[in-house]
Amino acid sequence: MTVETGPPDTRARPDRAGTDPAEPLLRVRDLTMTFAGRRSAPVRAVDGVSFDLAAGETLGLVGESGCGKSTTGRMLVRLLEPTSGSVRFDGRDISRLSPRALRPLRRHIQMVFQDPHSSLNPRQTVARIISDPLLVQGASAVDARRRAAELMELVGLIPEHIDRYPHEFSGGQAQRIGIARSLATGPRLIVADEPVSALDVSVQAQIVNLMERLRAELGLAYVFIAHDLSVVRRVSDRVAVMYLGRIVEIGDKKSLYENPQHPYTRALLSAVPLPDPVAERRRERIVLLGDPPSPAAPPSGCTFHPRCAKAQAICRTERPLLQVTASREVACHFPGD
Amino acid sequence: MAALPEPPLLQVRDLRVTFTTPRGSVRAVDSLGFTVEAGRTLGIVGESGSGKSVTSLAVMGLHRGAEIGGSIALAGQELTGLTERELSRLRGRKMAMIFQDPLSSLHPYYTVGEQIAEHVRVHFGARRAAARRRAVDMLGEVGIPEPARRAGEYPHQFSGGMRQRVMIAMALVCEPDLLIADEPTTALDVTVQAQILELIARLQQERGLGVVMITHDLGVVARVAHDVLVMYGGRAAEQAGVDELFAGPAHPYSRGLLDSLPRLDDADDEPLRAIPGSPPSLLAPAPGCAFAPRCHVAAAATPQQRRRCATERPEPRPYGAARRSAACHFAGADTAATAQTAQTAQTAQTAQTAQTAPEVSP
């Protein structure tokens, strides 16, 4: 479906004005990223990823290390320029814009990183860290500082601590600073890359709750990248499962978790240890053989076939495309049981 | 059969580990006691700074410069006070350890076969060829395909999961009785984690190993542990059988941890019950209960009770089942109290809603 309604450039609209119903907030098509290998063959880290994200919606992006989920996230915020494919934000393709043309759009798309301390400049005060994005966007110093204090309060920090440095905060508090910074420009989309995985278990829930509250209050859309399937289930409306640079299954959270169709999704879900010893003893687990293959030398056909118990001849030769199965899209020749 | 009571495989009593730092001395572990029996797995759960890794290093005698007090007995033999030479005869032979990051525990210049064989030669005085055969057998036993060929490869040629298998092979090649695994699957993907946990469980059964599994992941504990020690601020918060702990945690911290977890099988329409605040600093320990500032039970208590939590350190006391203990002045009061508070809160809320409802409309 390609509905082009009017030239996108004329929509210099105020924040959060009504969105064109035909165009989702984010429309990603065939996104691909190839890194030149230094001594090896080029590595296709992301291979034809497509999805839509509506305003106010959360898409969870899950998969194991090397599956391309972080690279995808970085292309969405244009920290990386995709090799091919498009990222349409609010009807406008941002994947090829020059840095200058991109700048006015940056305020709408922000990122939260995994390691809160290493993503904050240790030599800047919190005031500076949070207000910098505002100064870049042309706010006055006084306004920026006032806004920084408001944001600190919004994310559950004490505004009086505005002149402190990152090392004076715990990991959870530092992540709150990172979130406050991402909110400074009033974004509509936040790409969060493993935002809680570096935090202590007892602190993770605080940040998950904070992000959920902010989403409700500010009408944010999230792309929530994580390897922890329990956290992703918690925060997402829809979930995309990635394997070796491709989305193998994407759909509504509830149906995907309760009735996974792709053999990889099933294995992934059954591998997660549940904090319940009685259930654990009763559970049947699908233990996959071997490790995920290297993206530098992906297997032919369906890249999952060497680890898949259901693989047939066709899986070795023909790449399965995403197809609608059981109310979600699955890339498998033999989905379901 | 009236056999002599055998000493447990590992018995730790009143363990204290103190580091001297430029900012003063830090008691990283204090008054800690636990037991590991052969063929059983003790899960030690805790967050950063809880003292769980320090404890395992103390057992292995791998703490240079730390002051160790109390008693660590391996099959009845006291380990504290042993010389480095005596300890190194036990390490690998009687007890072995695997770590989170196998790559930093393997030597990059030697093949994995050589590194495993070295243990056999050192501990058993085996000849080179025999030691190598043993290494290859062991690699096969931990599920490395084509072990004879792969024994000749270097650590960087192995994937993360395969490296952890190599570490396990190295740890178990001299048939120790005790295996300490410090976050062995934290750096691994979840499908590979499942393989490694399964491998450890199989080897444990085959060999009757005692295992200490140190982790921050309550799911891992639920999957592999028989007994659980929950640590907080360098001390034992609670010790219990795995089923008892998950069915009804006695310490407010254990309960808080379980309640704060997002789960694959829960309803997700209400916020997670997060524990407020952050883990304590060991540099300035509180005189009372280390968890008191974050504790929902203390928060709901009378001022008098709260003062007790703030000033008087709770020692582990027996709670419920045999060998179960909790270090809380109000252990177990929690379970009943939470239910009650939840109920009162709900009633109060309903009452409030009823009261305020008419005022909402302008």
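Going along each chain's sequence as written, the residues are numbered from 1 onward. Chains and ligands are labelled sequentially in the order written, the chains with letters from A and the ligands with numbers from 1. Thresholds applied to this predicted model are a pLDDT of at least 70 for local features of residues and 80 or more for the giving and counting of side-chain atom pairs; totals over whole chains, interfaces and linings are not thresholded and use all residues. With hydrogens and water set aside, each side-chain value is computed from the structure's full complement of heavy atoms.

So what exactly am I meant to see when it comes to the overall build of chain A here?
Of the regular secondary structure elements, chain A holds 11 helices and 12 strands. Values of the radius of gyration come from C-alpha atoms, whereas the globule rule sets the reference at 2.2 Å times the count of residues to the power 0.38. Relative to the 2.2 N^0.38 estimate, which gives 20 Å for 337 residues, the radius of gyration of chain A is 21 Å and therefore close to what a compact globule would have. Seen along its three principal axes, the alpha-carbon backbone of chain A occupies a region of about 65 × 55 × 45 Å. Residue burial is assigned from relative accessible area. The probe radius is 1.4 Å, only protein chains are included, and a residue is buried under 20% of its type maximum, exposed over 50%, and partly exposed in between. The buried share of chain A, taken over its 337 residues, is 53%. As displayed, chain A has an accessible area near 14600 Å², and 52% of this comes from carbon and sulfur atoms. Of the charged side chains in chain A, 45 are positive and 38 negative; the average position of the first set lies 3 Å away from that of the second. Each helix is a run of H or I in the DSSP string that is no shorter than four residues. Each strand is a run of E no shorter than two, and both are numbered from the N terminus. Exposure was quantified through the Shrake-Rupley algorithm and a 1.4 Å probe, taking into account, for residues, occlusion by the shown protein chains and nothing else. We score Asp and Glu as negative and Lys and Arg as positive, and we do not count His or the chain ends. Lys charges are placed at NZ, Arg charges at CZ, Asp charges at CG and Glu charges at CD.

Got a minute to help me understand helix H1 (residues 69-76) of chain A in this structure?
Given 3.6 residues to a turn, an α-helix orients residues that are three or four positions apart in the same direction. Of all 8 residues making up H1 of chain A, 6 are buried, and the element is well covered by its neighbours. Phi turns positive one or two residues past the end of H1 of chain A, at Arg78 of chain A, with a value near 60 degrees.

I keep staring at unusual backbone geometry and nothing clicks. Help me out?
Of all residues except glycine, most have a negative phi; of all peptide bonds, most are trans. Even without a glycine there, the phi angle at Arg78 of chain A is positive, about 60 degrees. Looking at where Arg78 of chain A falls in the secondary structure, it is placed in the loop between H1 and strand S4 (84-89). Not every positive phi belongs to a glycine, and Ala75 of chain B is a case in point at roughly 45 degrees. Among the structural elements, Ala75 of chain B can be located in the loop between strand S4 (67-74) and strand S5 (77-78). Accessibility expressed as a relative area gives 48% for Ala75 of chain B, which makes it partly exposed.

So what exactly am I meant to see when it comes to the layout of surface pockets here?
A probe matching the size of a water molecule, rolled over the atoms, marks out where space remains unfilled. All names here are of chain B. Only protein atoms enter the 1 Å grid used here, on which a cavity is any set of points holding a 1.4 Å probe that cannot leave and a pocket is any open set flanked by protein within 12 Å on both sides along at least five of seven lines; residues with an atom within 4 Å of a point are listed as lining. Grid points are joined across faces, edges and corners, and a volume is the space filled by probe spheres set on the points. Roughly 740 Å³ of internal volume is contained in the second largest pocket. Around the second largest pocket, the lining comprises 27 residues; the ones closest to its centre are Ser105, Gln115, Glu118, His119 and Met170. Of all the secondary structure elements, the ones that give two or more residues to the lining of the second largest pocket are strand S6 (95-98), helix H4 (112-124), helix H5 (128-141) and helix H7 (160-172). When residues of the lining of the second largest pocket are assigned to their parent elements, the largest contribution, 9 residues, is made by H4. Side-chain classes are defined by residue name, with Ala, Val, Leu, Ile, Met, Phe, Trp, Tyr, Cys and Pro counting as nonpolar, Asp, Glu, Lys and Arg as charged, and the others, Gly among them, as polar. For the lining of the second largest pocket, the per-class residue count stands at 13 nonpolar, 8 polar and 6 charged.

Looking at this model, I keep getting lost on the sheet that holds strand S11 (residues 317-318) of chain B. Mind explaining?
Sheets are built from strands paired through backbone hydrogen bonds, the pairs being either parallel or antiparallel. Residue and element names in this part refer to chain B. Taking strand neighbours across the sheet as the criterion, the 8 strands line up as S6-S7-S8-S3-S9-S10-S12-S11 in an open arrangement whose pairing is mixed. Looking at which strands have only one partner, the edges of the open sheet turn out to be S6 and S11. As paired elements, S6 and strand S7 (residues 178-182) share 4 bridges and run parallel to each other. Within S7, the residue paired with Ala96 across the bridge is Leu179. Here a residue-residue contact requires only that any non-hydrogen atoms of the pair lie within 4.5 Å. To get an axis, fit a line to the C-alpha atoms, keeping to the stretch in contact for a helix; angles then go from 0 to 180 degrees between the N-to-C directions. Sheet contacts for helix H8 (residues 190-207): strand S3 (41-45), S6, S7 and strand S8 (210-215); angle to S8, the most-contacted strand, approximately 160 degrees. Paired strands, as defined in this entry, are two strands with at least two bridges between them according to DSSP.

Would you mind going over the interface of chain A and chain B with me for this structure?
How big an interface is tends to be stated in terms of accessible area lost as the parts join. With 40 residues of chain A at the contact, the number on the chain B side is 42 residues. Carbon and sulfur atoms supply 54% of the area buried between chain A and chain B, which totals about 3500 Å² over both sides. For chain A, the biggest contributors to the area lost against chain B are Val201, Arg234 and Pro275 of chain A; these three give 20% of the whole. What counts as a salt bridge is simple: a side-chain nitrogen of Lys or Arg found within 4 Å of a carboxyl oxygen of Asp or Glu. The interface formed by chain A and chain B contains 2 salt bridges. Its salt-bridge partner being Asp243 of chain B, residue Arg281 of chain A comes within 2.6 Å of it at the nearest N-O pair. Polar contact criterion, stated in full: a pair of N or O atoms within 3.5 Å, where within protein one must be able to donate a hydrogen and the other to accept it, and residues adjacent in sequence count only if both atoms are side-chain atoms. One can count 18 residue pairs in polar contact (both at pLDDT 80 or more) joining chain A with chain B. Where the side of chain A that touches chain B is concerned, the elements lending two or more residues are helix H6 (201-218), helix H7 (229-235), helix H8 (253-258), helix H9 (263-271) and helix H10 (277-282) of chain A. Considering each element in turn, the side of chain A that touches chain B owes the most residues, 7 residues, to H6 of chain A. Here the quantity called buried area is the total loss of accessible area, with a 1.4 Å probe, experienced by two parts when brought into contact, counted for both.

Looking at this model, I keep getting lost on the confidence of the model for chain A. Mind explaining?
Regions with low pLDDT carry predicted coordinates that are not meant to be interpreted in detail. Every residue carries a pLDDT, the predictor's confidence in it, which falls somewhere between 0 and 100. Within chain A, residue pLDDT values average 90, and 94% of them lie at 70 or more. Every residue in residues 1-19 of chain A scores below 50 in pLDDT, and together they form 26 contacts with partners more than four places removed in sequence or on other chains.

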